Amino acid sequence: MHREPLVDGDGWTVGGVALRSRLLLGTAGYPSPSVLRDAIRASETQVVTVGLKRTLASGTDNGFVAIVREALAERDARLLPNTAGCRSAREAIELAMMARELYETAWIKLEVVGDEYTLQPDPVELVEAARVLARAGFVVWPYCTEDLVTCRRLLDVGCALLMPWGAPIGSGQGLANPLALRALRARLPQATLIVDAGIGAPSHAAQAMELGFDAVLLNSAVALSADPVRMAHAFCHAVQAGREGWRAGLIPTQDFAVASTPVAGQPVLLDGEP
């Protein structure tokens, strides 16, 4: 697989916007707005998602968005509105249009759920919503599965990147199908790929980065931990370590032992004799 040359700086771009951090953070479930603010700082993230449907349902954000914007301004970071909770392309499109007006951004994390138990994305509705929104000038970040055909359809209709799940949302399972994710990375070498959902531990994030993914998005693993700020800091380092490991070039796995210190041709002492 192609690897970037090991040089100083390792930025990436989305829709012409340059980013440095490869950890993206959600904002739901934190014990308080101040903990969320401190977690954003500790994570060093530059992209934070926010659910418009959740805000509309509550009737007020209680200063939530202002706190998030304050934390993001310190890092020249951005809000990424999402369509979480939508069940159809039409619903997601309408919510995305509202988000663009409210948050003054063309970025949208597109979520269209098709199954209530697994919260798995609906591929048909997702592709249709992505097609409409891309034509309307949105920078579409689609939450999808690792299915290669659906991913290609999403790229074909104009998505800026892909966000395949690691496992069902909030499950904390990590990468449930690493072989499929590895194949997706290999088959779409030029696409920006972000593992989204299912991450439960910093080691899971590092594993995703070691597979060559461009970034990781997570929420519950930080927000619901005993110490969200410390956990955000841990994920920051895990993503960086996984990325550097991939750039350095991981050795291939094998089904047999390979001695790290060759002994062939070297003298060996037998029964204490010189």
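This text goes with the structure placed above it.
Since we're looking at a predicted model, the values are computed, not measured.

Undergrad: Would you take a moment to explain the pairing of strand β4 (residues 47–51) for this structure?
TA: Looking along a regular strand, one sees the side chains alternate between the two faces of the sheet. For β4, the tally of buried residues reaches five of five residues, placing the bulk of the element in the interior. Of the two faces of β4, both are covered, the one formed by Val47, Thr49 and Gly51 as well as the one formed by Val48 and Val50. Relative to β4, strand β3 (residues 23–25) runs parallel, the two being bridged by two bridges. By the bridge assignment for β4, Leu25 is matched with Val48. Between the parallel elements β3 and β4, the chain passes through helix α1 (residues 33–43) in a crossover that is right-handed.

Undergrad: Explain the pattern of salt bridges to me, please; I cannot follow it from the model alone.
TA: Close approach of charged atoms lets side chains of opposite charge pair. Here the structure, examined in full by the defined rule, presents 15 salt bridges. Taking the shortest distance from any N to any O, the salt bridge between Asp10 and Arg247 comes out at 3.8 Å. Of this pair, Asp10 sits in the segment before β1 (12–14) while Arg247 is found in helix α10 (residues 228–248), placing the two residues 237 residues apart along the sequence. Of the two residues, Asp10 and Arg247, both sit in the buried class. Ionic pairing is found between Lys109 and Asp196, a salt bridge with its closest N-O pair at 2.9 Å. Placement of the pair is Lys109 in strand β6 (residues 107–110) and Asp196 in strand β9 (residues 194–196), with a sequence separation of 87 residues. Comparing Lys109 with Asp196, the two get one shared label, buried. Residues joined by salt bridges that share partners form a network here, namely Asp10, Arg22, Arg243, Glu244 and Arg247.

Undergrad: I tried to follow α1 on my own but got confused; where do I start?
TA: One turn of the α-helix equals 3.6 residues, which is why residues spaced by three or four share an orientation. Turning to α1, its buried residues are Leu36, Ala39, Ile40, Ala42 and Ser43. Along the axis of α1, the buried residues cluster in a sector spanning 165 degrees; they form a single face. The secondary structure elements touched by the buried residues of α1 are β3, β4, α3 (64–73), α9 (220–223) and α10. Immediately beyond the C-terminal end of α1, within one or two residues, lies Glu44, with a positive phi of roughly 60 degrees.

Undergrad: Would you mind going over unusual backbone geometry with me for this structure?
TA: Note: most peptide bonds trans; most residues except glycine with negative phi. Its identity as a non-glycine residue notwithstanding, Glu44 has a phi of 60 degrees, on the positive side. You can call Glu44 partly exposed: its relative accessible area is 32%. Its identity is not glycine, yet Glu104 carries a phi of approximately 55 degrees, on the positive side. Mapped onto the fold, Glu104 is located in the loop between α4 (89–103) and β6. Note on Glu104: relative accessible area 72%, which makes it exposed.

Undergrad: Can you walk me through the packing of aromatic side chains in this structure?
TA: One pair of aromatic rings is described through two measures. These are the centre distance and the angle between the planes. Counted according to the given criterion, the structure contains one aromatic pair. Note on Trp107 and Trp141: the rings are 5.0 Å apart at their centroids and 50 degrees apart in plane angle, and the pair reads as tilted. Here the residue Trp107 occupies a position in strand β6, and Trp141 occupies one in strand β7 (residues 139–144), the gap between them amounting to 34 residues. Of the two residues, Trp107 and Trp141, both sit in the buried class. Lying over the aromatic face of Trp107, Arg78 brings its terminal NZ or CZ to 4.7 Å of the ring centre. The ring of Tyr143 carries Lys109 above its face, with NZ or CZ at 5.6 Å from the centroid.

Parameters and conventions
- Residues numbered from 1 in each chain as written.
- Predicted model: local features only at pLDDT ≥ 70, side-chain atom pairs only at ≥ 80, totals over all residues.
- Heavy atoms only, no water.
- Buried < 20%, exposed > 50% of the residue type's maximum accessible area, 1.4 Å probe, protein only.
- Helix = DSSP H or I, 4+ residues; strand = E, 2+ residues; numbered from the N terminus.
- Pairing = 2+ DSSP bridges.
- Right-handed = clockwise from strand over helix to strand, strands pointing away.
- Salt bridge = Lys/Arg side-chain N within 4 Å of Asp/Glu carboxyl O.
- Arc of directions from axis to C-beta.
- Contact = heavy atoms within 4.5 Å.
- Phe/Tyr/Trp six-rings, centres within 6.5 Å; stacked < 30°, edge-to-face > 60°.
- Lys NZ or Arg CZ within 6 Å of the ring centre and 35° of its normal.

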